[in-house]
Amino acid sequence: MAEESGQPAANGEQGPPLVVNAQYIKDLSFEVPGAPQMYAHLDEAPSVAVNVDVEARPIAESSYEVILQIGAEGTFKGERAFVVELSYGGVFTLSGIPQDRIQPLILIECPRLLFPFARNIVADMTRDGGFPPLMIAPIDFVALYLQKYGNPQDLAGGNGETGTA
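Residues numbered from 1 in each chain as written. Predicted model: local features only at pLDDT ≥ 70, side-chain atom pairs only at ≥ 80, totals over all residues. Heavy atoms only, no water.

So, the overall build of the protein chain
So the rule is basically this: Labels follow the DSSP assignment, with helices taken as runs of H or I lasting at least four residues and strands as runs of E lasting at least two, numbered in each case from the N terminus. For the exposure calls, accessible area comes from a 1.4 Å probe over protein chains only, and a residue counts as buried if that area is under 20% of its type's maximum, exposed if over 50%, partly exposed in between. Contact definition: two residues touch when any of their heavy atoms are within 4.5 Å. All accessible areas in this document rest on Shrake-Rupley with a 1.4 Å probe, and a residue is counted as covered only by the protein chains that are shown.
Scanning the protein chain from terminus to terminus reveals three helices and four strands. What you see in the protein chain, going N to C, is helices and strands ordered as β-α-β-β-β-α-α. For the protein chain, with 165 residues in total, the buried portion stands at 36%. In the protein chain, once contacts between residues fewer than 6 apart in sequence are set aside, the share between residues at least 24 apart is 66%. When the accessible surface of the protein chain is summed, it comes to about 8900 Å², and 51% of that surface belongs to carbon and sulfur atoms.

As structure tokens, this is what we get:
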């Protein structure tokens, strides 16, 4: 049986192809520029704009740091109600993945694994900041990837380096 580390087991079996080694908040910011006056006039939920980005970088031979960046700004009657900025990271180890499939895996599947945890942090932060919890809709990381890099098959001739999506 393979070990959980992603390294080959003693009998030669390969471990899981993707292992989540760690997850963490790399950076977190929440502000209410108009506090406390903003709360006195808040009779409905603010409108919210959300931006998402993914960054990745190699940190060892088969390990990568993937950062899911989420920025959200709530506005109410033309005024900024709140600003949330979260960089939520993970360290992932890959094994047995063809080189031409590493970039799509890192920039699609890894942020997909991080997203529910980052979403929860943003919801808690906005709720704790005195607003309704911001429940970010599920993100299509495949669409984000395709928008930035095109079809994953087009990468077969590429160098497999990671980047942002």
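Quick notes on the nonpolar core
As a reminder of what qualifies: What is meant by a nonpolar core is a set of buried Ala, Val, Leu, Ile, Met, Phe, Trp, Tyr and Cys residues, joined one to another through side-chain atoms within 4.5 Å.
Core analysis: the biggest nonpolar cluster contains 33 residues, and Val66, Leu68, Ile106 and Val122 have the highest contact counts within it. Only strand 2 (47-58), strand 3 (63-76), strand 4 (79-94), helix 2 (99-128) and helix 3 (141-149) provide two or more residues apiece to this core. The residues contacting Leu68, other than those within four sequence positions of it, are Val52, Asp53, Val54, Leu86, Ser87, Tyr88, Pro111, Leu114, Phe115, Ala118 and Phe141.

Focus on the packing of aromatic side chains
Put simply, the test is: Ring pairs shown here join Phe, Tyr and Trp side chains whose ring centres sit within 6.5 Å, with only the six-membered ring taken for Trp; geometry is labelled stacked below 30 degrees between planes, edge-to-face above 60, and tilted in between.
The full count for this structure, using the stated rule, is five aromatic pairs. Centroid distance Phe30 to Phe82: 6.1 Å. Interplanar angle 20°. Geometry classified as stacked. Pair noted here: Phe30 is in strand 1 (residues 18-31) and Phe82 is in strand 4, with a separation of 52 residues, a long-range link. The class of Phe30 is partly exposed, set by a relative accessible area of 23%. Ring centres of Tyr145 and Tyr149 lie 5.0 Å apart, and the angle between their planes is 35°; this geometry places the pair in the tilted category. Separated by four residues within a single helix, Tyr145 and Tyr149 lie in helix 3, roughly one turn from each other. Assessed through its relative accessible area of 23%, Tyr149 is described here as partly exposed. The rings of Phe30, Tyr39, Phe82 and Phe131 are connected pair by pair, giving a single aromatic cluster.

Quick look at the sheet that holds strand 4
In plain terms, the rule: When DSSP finds two or more bridges between a pair of strands, those strands are recorded as paired. Angles run from 0 to 180 degrees between N-to-C directions of axes, and those axes are lines fitted to C-alpha atoms, restricted for helices to the stretch in contact.
Strand order in this open sheet of four strands is 1-4-3-2, and the pairing throughout is antiparallel. With partners counted over all chains shown, the strands left at the sheet margins are strand 1 and strand 2, one partner each. Averaged over all pairs of adjacent strands, the angle between their axes in this sheet comes to 15°, without regard to strand direction. Across the sheet, helix 2 touches strand 1, strand 2, strand 3 and strand 4, and the angle it forms with strand 4 is around 140°.

Let's talk about the environment of Ala143
Structurally, the position occupied by Ala143 is in helix 3. Taking relative accessible area as the criterion, Ala143 reaches 37% and is therefore assigned partly exposed. As for Ala143 and Ile108, which are separated by 35 residues in sequence, their C-alpha atoms are 9.1 Å apart.

Looking at unusual backbone geometry
If a residue is not glycine, its phi is most likely negative; likewise, a peptide bond is most likely trans. Ala35 connects to Pro36 through a cis peptide bond whose omega is 0°. Here Pro36 lies in the loop between strand 1 and helix 1 (37-40). Unlike most non-glycine residues, Lys77 shows phi in positive territory, near 55°. Residue Lys77 is classed as exposed on the basis of its relative accessible area of 64%.

Quick look at the pairing of strand 2
The sheet contact formed by strand 2 and strand 3 spans 12 bridges and is antiparallel. Residue pairing in the sheet places Val52 in a bridge with Ile70 of strand 3. Count of turn residues in the strand 2/strand 3 antiparallel hairpin: four residues.

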